[in-house]
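# Tertiary structure, described
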Amino acid sequence: MNGFKNVSLNNTIASSILNHIVSKVLACFDKMIEDYSNHSIKISNNETTIRDHLFCNYLNNDEIMRNMDFDNFRFLAETPENYIDSKPQGRTDLQVFNINEFSHRNRYFIIECKRIDGNLTLNREYIDEGIRRFVGESLKYKSYYKMNCMLGFVVRCIDVENNVEKINSLLQTEYTDIHVQDYLQTGIVPSTYISSHNLKENELIVLTHAFANCSSVIANATVERDK
């Protein structure tokens, strides 16, 4: 993406790359669910555990990434982010680098993972500990490309579209401090939605919200609280 002076063109290219990343991550996730179902493997109902299974066994697996035609990207997990006075303001679930841009340390996309079960508690966490990290008053994450991804782990069989409406309703009523230009609406990639947020004058942050159903491999145990 070096050399383009047209901001609109740069945004179009970045959006296309992010859509490609999201579609491939969802494909990897579907493969994980298929593999785990075939081998009767269960995952505890914990955001970090689900992410680690996806990262360790798929996104950080050279053979699988080659087979998925996804080998030109590199993922880093649980990475300190946005240092102020030598202290990180947050830790990203996943950073995604295009290998062509790997020499530029700030040029990456962020994927923030959160569980979704259709209930109010996790919907609020999705906003408070997810969306707000990108667009809140005190930003946890930087955003070189001004577009990133929220990956929702759907841990119960729910109507995702209905739950998206619940999230939009919360943004409209309880989270008015989060400046929204466009609420979540259907995205280009299947199982995704797009929202845009005013960070400051003439600057938008665009979030792709991808929802991946893992309810079939979640252990029937007491919900573990994420630390």
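Predicted, not measured: the structure shown is a model, and the values here were computed from it.

## Comments concerning empty space enclosed by the protein
- Under the counting rule described, the total for this entry stands at one cavity of 30 Å³ or more.
- Reported here for the largest cavity is a volume of approximately 30 Å³.
- Every residue along the wall of the largest cavity is listed here: Val22, Val25, Leu26, Ile111, Cys149, Leu151 and Ala210.
- Residue assignment for the lining of the largest cavity shows that the elements contributing at least two residues are helix 1 (7-38) and strand 4 (147-154).

## A short note on the pattern of salt bridges
- According to the stated counting rule, one finds 13 salt bridges in the structure shown.
- Glu47 is the partner of Lys114 in a salt bridge, and the nearest nitrogen-oxygen pair spans 3.5 Å. Taken together, the residues span a long stretch of sequence, with Lys114 in strand 3 (residues 109-116) and Glu47 in helix 2 (residues 47-59) at a distance of 67 residues.
- For Lys114, a relative accessible area of 5% puts it in the buried group.
- For Glu47, a relative accessible area of 9% puts it in the buried group.
- As a salt-bridge pair, Arg132 and Asp128 come within 3.4 Å of each other at their nearest N and O atoms. Taken together, the positions of Arg132 and Asp128, both in helix 4 (residues 120-135) and four residues apart, correspond to about one turn of that helix.
- Overlapping salt bridges, with partners in common, bring together Glu47, Glu112, Lys114, Glu129 and Arg133 in one network.

## Considering helix 2
- Buried within helix 2 we find Glu47, Ile50, Arg51, Leu54, Phe55, Tyr58 and Leu59. Buried positions in helix 2, seen along its axis, are confined to an arc of 125° and lie on one side of it.
- For helix 2, the N-terminal cap is Asn46; the gap from its side-chain oxygen to the backbone nitrogen of Thr48 is 3.0 Å.

## Looking at unusual backbone geometry
- Here Ser40, not a glycine, exhibits a phi torsion of approximately 55°, which is positive.
- If you trace the backbone, Ser40 turns up in the loop between helix 1 and helix 2.
- On the basis of relative accessible area, Ser40 is assigned to the exposed category, the value being 65%.
- Of note in the backbone geometry, Asp69 takes a positive phi value of approximately 55° without being a glycine.
- Note on placement: Asp69 falls in the loop between helix 3 (62-67) and strand 1 (73-84).

## Focus: the packing of aromatic side chains
- Using the criterion set out here, one finds ten aromatic pairs in the structure.
- Geometrically, the ring pair formed by Tyr36 and Tyr58 is tilted, given 6.5 Å between the ring centres and 55° between the ring planes. Of the two residues, Tyr36 is situated in helix 1 and Tyr58 in helix 2; the sequence distance between them amounts to 22 residues. No difference in accessibility class separates Tyr36 from Tyr58, as the two residues are buried.
- Ring-pair connections join several aromatic residues into one group, and the members of that group are Phe70, Phe73 and Phe75.

## Focus on the nonpolar core
- Judged by nonpolar contacts, the single largest core of 41 residues is most densely connected at Leu59, Phe70, Phe75, Ile111 and Leu151.
- Tallying contributions element by element places helix 1 first for this core, with twelve residues.
- In terms of nonpolar packing, the next biggest core, distinct from the first, is built from 24 residues, Val135, Tyr141, Leu170 and Leu207 among them.

## Focus: the side chain of Arg51
- Considering the arrangement of structural elements, one finds Arg51 in helix 2.
- Taking the relative accessible area as the measure of exposure, Arg51 reaches 4% and is therefore buried.
- Dropping the residues within four chain positions of it, Arg51 is found in contact with Glu78, Asp93, Leu94, Cys113 and Phe153.

The rules behind these values
Residues numbered from 1 in each chain as written. Predicted model: local features only at pLDDT ≥ 70, side-chain atom pairs only at ≥ 80, totals over all residues. Heavy atoms only, no water. 1 Å grid on protein atoms, 1.4 Å probe; cavity = no way out; pocket = protein on both sides within 12 Å on 5 of 7 lines; lining within 4 Å. Points joined across faces, edges and corners; volume = space filled by probe spheres on them. Helix = DSSP H or I, 4+ residues; strand = E, 2+ residues; numbered from the N terminus. Salt bridge = Lys/Arg side-chain N within 4 Å of Asp/Glu carboxyl O. Buried < 20%, exposed > 50% of the residue type's maximum accessible area, 1.4 Å probe, protein only. Arc of directions from axis to C-beta. Polar contact = N/O pair within 3.5 Å; in protein donor to acceptor, adjacent residues only side chain to side chain. Phe/Tyr/Trp six-rings, centres within 6.5 Å; stacked < 30°, edge-to-face > 60°. Core = buried A, V, L, I, M, F, W, Y, C linked by side-chain atoms within 4.5 Å. Contact = heavy atoms within 4.5 Å.

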